[in-house]
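Overview (structure and organization)
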Amino acid sequence: MIQLKTLLNCIDNSGASIVECVNVLKKKRPATIGDRIVVVVQKQRSAGSEATTAAALANKVRRGDIRHAVVVRVKKELQRPDGSLVRFGDNACVLVNKSGDPIGTRMNGVVGQELRNKQWSKILSLAPVHV
Amino acid sequence: MAALPAMRPLGCLRSLMRPSEPITPFINRRFISTAYSKRPQRIPLPQNIPEQFLSQIPLHYRPDPTKEPLKIYPAPPSARKACPDPVAAVTESQLAELDPKGERQALFDYRRNARSVKPGDIVRVVFKNGDPFNGVVLSIKLRGIETSFLLRNELTRVAVEMSVKVFSPNVQSVEIVQRSEKKRRRARLYYMRNRKHDRRSVENVVASYVRQKKAFLGGGRGGQGGRRR
């Protein structure tokens, strides 16, 4: 149930750590795993430490940037075609560019298998675990 | 009036009659619409009218040779009598198909079977496509063919819960990895979602179990536990 103002964890190494949903694309309902959304970066990774400029330079996005993202985990339970339900402990997303390629090069964390049916195989291949 | 010509004696007679008529005052007169009159009794149509008179009768009174009498069918047999408990019948037929030996049913029937899976146990489920899922059993919903159990685990420091249908053909195997240490006083362990009671990851417990099992079986079946999570 990702909708306007929902805060999500960003689980790639693009530089964002917490993002806020501002729009759900191609859908009139709250977004779920595999849906594309528009987000605003609210919190950067390692934003506080000014000394580590190398890390700050590595950040591809900055606070206040508006980007597209794909939801990969949701707290709201999701029903699979075989009747089983899946529920994660948090809401998480991965930033993507306009053409749908992930901005980050690494991901840390489990993602939902629903991405497979929605042609997000690039994100699935980056993910360490999928459920 | 008396001075009427003598040629019309009868006209005089009529004028003499007149005063007796409109004595009743105009106000008390009733209108014709409010006057009660009995409905004329309907005269039933004669049964066998000769054919040459039929044209005089209004159309809808004429006997219609094409019109058949209304057919009345007997009521269909009662479905309730044929199958008094359809849900139970469907459950039974589905169980016979999906779980012919009754092993799965016994494995999760925690009310009757003392050796079954119970809330709090650590369980490993392997699906048809080879993906395993491990977790602590939070609850078992006994609902006939729709019986399901809820597993909770932590993968990459994110809590994951999965509810699995026991009799789903997608489920290849269900194994009990570890029994709960203490007796649980609840049937639904939803309090384990709270941080204080959270079991966290059970991956290391399951990994050691898989290793032991492999050693016991002599490494014959290597494919199952190969993927690490």
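Please read all numbers here as calculations on a predicted model, not as lab measurements. (Residues numbered from 1 in each chain as written. Chains lettered and ligands numbered in written order. Predicted model: local features only at pLDDT ≥ 70, side-chain atom pairs only at ≥ 80, totals over all residues.)

1. Details of the overall build of chain A
Rules: Numbering of helices and strands starts at the N terminus; helices are DSSP runs of H or I of at least 4 residues and strands are runs of E of at least 2. The contact criterion used is a C-beta to C-beta distance within 7 Å, with each C-beta placed from the backbone.
Along its length, chain A carries two helices and nine strands. When the helices and strands of chain A are listed from N to C terminus, the series reads β-β-β-α-β-β-β-β-β-α-β. In terms of principal-axis extent, the alpha carbons of chain A reach across some 50 × 30 × 30 Å. Excluding contacts between residues fewer than 6 apart, the proportion of contacts in chain A whose partners are at least 24 apart in sequence is 52%.

2. A few points about the overall build of chain B
Put simply, the test is: Any residue surrounded by 20 or more other C-beta atoms within 10 Å of its C-beta is treated as buried, while 12 or fewer makes it exposed and the intermediate range makes it partly exposed; C-beta atoms here are placed from the backbone.
From N to C terminus, chain B includes five helices and five strands. Its helices and strands in sequence order give chain B the pattern α-α-α-α-β-β-β-β-β-α, from N to C terminus. Burial statistics for chain B: of 229 residues in total, 15% are counted as buried. Contacts spanning at least 24 positions in sequence make up 51% of the contacts within chain B whose residues lie at least 6 apart.

3. Re the interface of chain B and chain A
The test is simple: Residue type decides the class: Asp, Glu, Lys and Arg count as charged, Ala, Val, Leu, Ile, Met, Phe, Trp, Tyr, Cys and Pro as nonpolar, and the leftover types, Gly among them, as polar. By this definition, two strands are paired if DSSP reports at least two bridges between them.
Chain B puts 14 residues into the contact, and the matching count from chain A is 16 residues. The leading source of residues in the side of chain B that touches chain A is strand β4 (residues 158-165) of chain B, at eight residues. Split by residue class, the side of chain B that touches chain A holds seven nonpolar, four polar and three charged. With four bridges connecting them, strand β6 (residues 85-88) of chain A and β4(B) associate as antiparallel partners. Its bridge partner lying in β4(B), F88(A) is registered against V160(B).

4. Brief notes about the nonpolar core
Rules: We define the nonpolar core as any set of buried residues of the types Ala, Val, Leu, Ile, Met, Phe, Trp, Tyr and Cys, connected via C-beta atoms lying within 7 Å of each other.
Among the nonpolar cores identified, the biggest contains 57 residues, and V72(A), C93(A) and V94(A) are the most heavily contacted of them. Sequence-distant contacts of C93(A), defined by excluding residues within four places in its chain, comprise L8(A), C10(A), V19(A), I37(A), V39(A), A69(A), V70(A), V71(A) and V72(A).

5. Focus on the environment of E20(A)
Residues and elements named next belong to chain A. Topologically, E20 is positioned in strand β2 (residues 16-24). As a C-alpha pair, E20 and V41 span 21 residues in sequence and 6.5 Å in three-dimensional space. Look past the residues within four positions of E20 in its chain and what remains in contact with it is K5, L7, V39, V40 and Q42.

6. Topic: helix α5 (residues 203-216) of chain B
What counts, and what does not: To estimate the expected span of a helix, subtract one from its residue number and multiply by 1.5 Å.
In this model, α5(B) (14 residues) spans 20 Å end to end at C-alpha, consistent with the 20 Å of a helix rising 1.5 Å per residue. G218(B) occupies a position one or two residues after α5(B) and carries a positive phi of about 75°.

7. Some details on helix α3 (residues 86-98) of chain B
Given 3.6 residues per turn, any residue in an α-helix points the same way as the ones three and four places further on. The terminal C-alpha atoms of α3(B), which comprises 13 residues, lie 18 Å apart, in line with the 18 Å expected from a rise of 1.5 Å per residue. Counting buried positions along α3(B) yields zero of 13 residues, so the element is predominantly exposed.

8. Observations concerning the sheet that holds strand β2 (residues 132-141) of chain B
Backbone hydrogen bonds are what pair the strands of a sheet, in a parallel or an antiparallel way. Quick note on the threshold: Here an axis means a line fitted to C-alpha atoms, over the contact stretch when the element is a helix, while the angle between two N-to-C directions is reported on a 0 to 180 degree scale.
The strand order across the open sheet formed by seven strands is β5(A)-β6(A)-β4(B)-β3(B)-β2(B)-β1(B)-β5(B), and the pairing between neighbours is antiparallel. Looking at which strands have only one partner, the edges of the open sheet turn out to be β5 (78-79) of chain A together with β5 (171-178) of chain B. Looking at chain direction, β2(B) and strand β3 (residues 148-155) of chain B are connected through five bridges and run antiparallel. Counterpart to V137(B) in the pairing with β3(B) is L151(B). Running over the sheet, α5(B) touches β1 (122-127), β2 and β5 of chain B and is turned about 105° from β5(B).

9. A word on the pairing of β3(B)
Residue and element names in this part refer to chain B. Across the eight residues that make up β3, a large majority, seven, are buried. Connecting the antiparallel pair β2 and β3 is a turn made up of six residues, with G144 showing a positive phi of about 65°. Where β3 lies against β4, eight bridges are found, and the strand directions are antiparallel. The residue of β4 that forms the bridge with S148 is K165.

10. Points about unusual backbone geometry
One non-glycine residue, K5(A), lies in positive phi territory at about 80°. Not every positive phi belongs to a glycine, and R200(B) is a case in point at roughly 60°. Here R200(B) shows up in the loop between β5 and α5.

11. A closer look at the sheet that holds strand β4 (residues 66-73) of chain A
Residues and elements named next belong to chain A. Strand order in this closed barrel of five strands is β1-β2-β3-β4-β7, and the pairing throughout is mixed. Recorded for the sheet is a direction-independent mean angle of 55° between the axes of neighbouring strands. For β4 and strand β7 (residues 92-96), the ladder comprises five bridges, and the chain directions are antiparallel. Bridge pairing in β7 links R73 to A92.

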